[in-house]
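# Commentary on secondary and tertiary structure
Spelled out from the first residue to the last, the chains are:
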Amino acid sequence: MTNLTHLTLAEALKGLENKDFTSVEITQAHLDAIEGMRHLNAYITETPEIALEQAKASDERRAKGQAGLLDGAPVGIKDLYCTKGVQSAACSNILRGFKPEYESTVTQNLFDEGAVMLGKLNMDEFAMGSANTTSAFGNVISPWKRKDGSNADLTPGGSSGGSAAAVAARMALAATGTDTGGSIRQPAAFTGICGIKPTYGRCSRWGIVAFSSSLDQAGSFGRTVEDSALMLQAMAGFDPKDSTSANREVPDFRAASLNTSVKGLKIGIPKEYRAPGMPEEVEQIWQQGIDWLRSEGAEIIDVSLPHTKYALPAYYIIAPAECSSNLARYDGVRYGLREEGEDLIESYEQTRAKGFGDEVKRRVMIGTYVLSAGYYDAYYIKAQKVRRLILNDFLSAYEQCDALLTPTAPSAAFAIGENEDDPIKMYLNDVFTVPASLAGLPGMSVPAGLNADGLPLGLQIIGRQWDEEMVLRVGATLEKAANFKAIPEMVESKLAA
Amino acid sequence: MDEATVRKVARLARLKVTDEEVSRLVPQLGNIMQFVEQLGELDTDNVEPLASVANIDLRLREDDVTDGGMADQVLANAPESMEDFFVVPKVVE
C-alpha cells in the first residue's frame, strides 16, 4: 500500500471514496507518524482515541454513502481553537488544563464535513510570536535542516508553527491555523507548504481564543493549493455567533484552486516591498514568480502602496491594544490559573504574572500604555487613521490590478534562538504580511523554491476583499510553474526506512 | 519609558512585576514605542480612523432567552466554586 501519510488531502479523499483504504487506516498511519516525530513538538495534545472513534464513524458513513467534504481525513487543530472536552490552552500557562464545554464554530464545521482530529497543535502563546518560541509548551522544531551540515534546529515560523511543522512533516493531511499579522502565511513559507488566510469575516471567530479581534482570522494549511482550498471550504461560512462573520455565500474554493489560467489577469508588483536590505535570494524568487506569471499570460503591473512602511508600527499599536483588552478576562476567577494574593487585586496581579509569558506581558503592557488616558488619541486613534491609509493604498492598487504578488517573508527560516535579543527584530518577520491583515484582505503563501541552504521560500498572493478565488487561482498557477516537490530530509528518510 | 511608567502600566494591566523585570522592560518597551513613533511622520488630520474592516452593521436579534440553565458547564473550569457560584478572595473588609 502507498504510504498514506504522503498523499495529498485530495488524493486521500479520492482513496477513501474508492475504498482503497479506510479512514481508520489512514488515521492510524498519521498517529504512527506523530509518534515518530514527537521530537519536533508539533502536537501538544494528541487525541488518538477521538481520532480513531471519528475515523470509525466516518467509515460507517462512507459505507452508507453519506460522506461529507472531508470525510475520514485526519487533520490537526491549532491549540487556539476551543475543542469540547480537549485541552485548549492557546499554549499559555494561564489556560493550561482548560477544557472547553463547547466547540468552536470552525472545528464544528470541519467535524460536520467528516474531518478527523489528530490532536492540538503547538503555537506561540496566544498567537503572539513569529518563531513558535513563546509557547508555554516548548518550541516547535521545523522538519527542515540547512544543507550546511550544521544540524541547527530551525524555526517553523509562527504563530501557527505546530500546524506548519505537522503538515510539512506528514503528521497531518492538513491543519487549521489562525493569522493575525502573518501567522499562517509566514510559517507556510518557512516550511514549504501552502497557507491561506481568507478575508476577515469569512470564517467565524467564535470559539477561537481572541488575540486581536479586528485582525484575527482562521485559515488553513495544506501541502497543495487545492488541499488548503478544501480545508477552507469546510471551515468558512456565516455564523450568527460572531458579529463580524459575513453573511455571504462561500464560493467554490476548490474549483478556483484547480484553475491555473492567469491569461489576461493583471498582477500588481508593489514597489515598496523591495525593502532595503532584502536578501538576494528573496529578490530572486520574487522575480522568478513574476516571470512565471508573465509567461502564463498575466500582465505584470508596477503598483505603489505608499504607506507600507507604516503598517508594522500601526500593527504594533492596534494588535497590542486589542490584546490588552481581550486578555483582561484572565483574572483567575472563572477559568484558568489562579494564584492567591493578599486581596483580590493582588490575586489578579500574581495570577497574570505567573500565567503569562514575557512576550504576552510586553504586548499587554504596550496595549495598556497606548490605551491609557492621555495617549489614546496620540497612539491608538493615530494607528487607526494609518490603518485607513493602508486600506486606501490597496483599494487604489486594485483599480489597476486583480491581485498582488510579493515575497511572503523577508528571509528563509532562521535558527531557533536567532532574532530573540530584540522584540523588533522578530516583529520584522511580518513586514510583508501585516499590511494585508490591517486591510482585512485574503492572502496566501505558496512554496516557490529552495534557497542555497536548501530551505523553502514562499511567495504571497494578496487579493481583493472576498476574492479568495483569485488568490487560489494565481496560487495554483504559481504552484504549477514552481513544481515544488522538496520534502524535508528527515521525512524522506523515514519514508525510505 | 522609565521605571515609574513601567510600574504604573503594570499596575493598570494587573501584572506583578519584579525589579529585575522592570529594568528589562524599560528598554524593551521603550524601543517598541520608539518604533511606533514613526507614525508621527504622517499627516492624518483629515483621515477617518478605521476600527474595523468588516463593513457590517451589528445585527439585531429578538430579545429572547436563547441559552442558559447550564451552571455546571459555566463553572466546570473555575479554579474554585461553591454551589452555583464562583468563589473569589474576600473583597470587603
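Structure: see above.
The paragraphs below set out a description of the structure included in this document. Treat the numbers as computed from the prediction; the structure is a model and nothing was measured.

On to the overall build of chain B, then. Scanning chain B from terminus to terminus reveals three helices and two strands. Taking 2.2 N^0.38 as the reference for a compact globule, 93 residues should give roughly 12 Å; the C-alpha atoms of chain B span a radius of gyration of 23 Å, well beyond that estimate. The C-alpha extent of chain B, read off along each of the three principal axes, is 55 × 45 × 25 Å. By the burial criterion, 32% of the 93 residues in chain B qualify as buried. Counting every atom, chain B has about 6,700 Å² of accessible surface; 49% of that belongs to carbon and sulfur. Across chain B, the mean location of the 9 positive side-chain charges is 9 Å away from that of the 20 negative side-chain charges.

Residues and elements named next belong to chain A. The biggest cluster of nonpolar side chains holds 180 residues, and the ones touching the most others in it are F126, F394, L405 and V474. Leaving out residues up to four positions away in the same chain, F394 has contacts with Y273, L305, L404, P435, A436, A439, L441 and I462. In this structure, F190, A409, A413 and F414 belong to the second largest nonpolar core, which totals six residues.

Residue and element names in this part refer to chain A. Here helix α1 (residues 9-17) crosses helix α7 (residues 225-235) at 70 degrees, and the two axes come no closer than 8 Å. The orientation of α1 with respect to α7, classified from their angle, is roughly perpendicular. Seen from α1, the contacting residues are L9, A10 and L13; seen from α7, they are E226, D227, L230 and M231. Classifying every residue of the contact of α1 with α7 by side-chain character gives five nonpolar, no polar and two charged.

Residue and element names in this part refer to chain A. Covered by surrounding structure in strand β5 (residues 194-197) are C194 and I196 together with G195 and K197, the residues of both alternating faces. Inspection of the sheet shows β5 paired to strand β10 (residues 443-450) by three bridges, in the antiparallel sense. In the strand pairing of β10, I196 is matched with M444.

One can find B:F86 in strand β2 (residues 85-86). Between the alpha carbons of B:F86 and B:L75 there is a distance of 7.1 Å; along the sequence they are eleven residues apart. Once residues lying within four places of it in the same chain are set aside, the contact partners of B:F86 are A:V333, A:R334, B:V74, B:L75, B:A78, B:E80 and B:S81.

The next thing to look at is the pattern of salt bridges. A full pass over the atoms with the stated rule returns 27 salt bridges over all chains. A:E339 is the partner of A:K354 in a salt bridge, and the nearest nitrogen-oxygen pair spans 3.3 Å. Here A:K354, found in helix α11 (residues 344-355), pairs with A:E339, found in the loop between α10 (311-326) and α11; they are 15 residues apart in sequence, far enough to count as distant. Here A:K354 falls in the exposed class, since its relative accessible area comes to 53%. As a salt-bridge pair, B:R11 and A:E349 come within 2.9 Å of each other at their nearest N and O atoms. Taken together, the residues span two chains, with B:R11 in helix α1 (residues 3-12) and A:E349 in helix α11. Residue classification places A:E349 among the buried positions, given a relative accessible area of 4%. Here the residues in one salt-bridge network are A:E346, A:E349, B:R11 and B:K16, joined through shared partners.

Once that is clear, we can look at the interface of chain A and chain B. With 68 residues of chain A in contact, the opposing surface of chain B contributes 51 residues. Between chain A and chain B lies a buried interface of about 5,400 Å² when both sides are counted; carbon and sulfur atoms form 67% of it. Among the residues chain A hides against chain B, the three largest losses belong to A:E349, A:M365 and A:K385. Together they make up 13% of the total. Taken together, chain A and chain B are joined by seven salt bridges. Ionic pairing is found between B:K16 and A:E346, a salt bridge with its closest N-O pair at 3.7 Å. Connecting chain A to chain B are 22 residue pairs in polar contact (both at pLDDT 80 or more). It is helix α13 (residues 376-397) of chain A that contributes the most residues to the side of chain A that touches chain B, eleven residues altogether.

The rules behind each value
- Sequence order as written defines residue numbering, which begins from 1 separately in each chain.
- Here every chain gets a letter starting at A, and every ligand a number starting at 1, in the order they are written.
- Local features in a predicted model are, by the rule used here, given only for residues with pLDDT of at least 70; side-chain atom pairs are given and counted only at 80 or more, and totals for whole chains, interfaces and linings are based on all residues.
- With hydrogens and water set aside, each side-chain value is computed from the structure's full complement of heavy atoms.
- For helices the rule is a DSSP run of H or I covering at least 4 residues; for strands it is a run of E covering at least 2, with both sets numbered from the N terminus onward.
- Only the C-alpha atoms count toward the radius of gyration. The rule for a globule is 2.2 Å times the residue count to the power 0.38.
- Working definition: with a 1.4 Å probe on protein chains only, accessible area under 20% of the residue-type maximum means buried, over 50% means exposed, and in between means partly exposed.
- Accessibility throughout is a Shrake-Rupley quantity obtained with a 1.4 Å probe, and a residue counts as covered only by protein chains that appear here.
- Residues scored as positive are Lys and Arg, those scored as negative are Asp and Glu, and His as well as the terminal groups of each chain are ignored.
- To locate a charge, take NZ of a lysine, CZ of an arginine, CG of an aspartate or CD of a glutamate.
- Put simply, a nonpolar core is a bunch of buried Ala, Val, Leu, Ile, Met, Phe, Trp, Tyr and Cys residues held in one set by side-chain atoms that sit within 4.5 Å of each other.
- The criterion used for residue contact is that any of the two residues' heavy atoms lie within 4.5 Å.
- Helix axes are fitted to C-alpha atoms over the stretch in contact, other axes to C-alpha atoms as well, and angles between N-to-C directions run from 0 to 180 degrees.
- For classification purposes, angles smaller than 35 degrees are called roughly parallel, those larger than 145 roughly antiparallel, those between 65 and 115 roughly perpendicular, and all remaining angles oblique.
- Classification used: nonpolar for Ala, Val, Leu, Ile, Met, Phe, Trp, Tyr, Cys and Pro, charged for Asp, Glu, Lys and Arg, polar for all others including Gly.
- For two strands to pair, DSSP has to find at least two bridges joining them.
- By definition, a salt bridge exists where a carboxyl oxygen of Asp or Glu is found within 4 Å of a side-chain nitrogen of Lys or Arg.
- Joining two parts hides part of their accessible area as seen by a 1.4 Å probe, and the buried area is that hidden amount summed over both.
- Throughout this description, a polar contact denotes any pair of N or O atoms lying within 3.5 Å of each other; where both atoms belong to protein, one of them has to be capable of donating a hydrogen while the other can accept it, and for residues adjacent in sequence the pair is counted only when both atoms sit in side chains.

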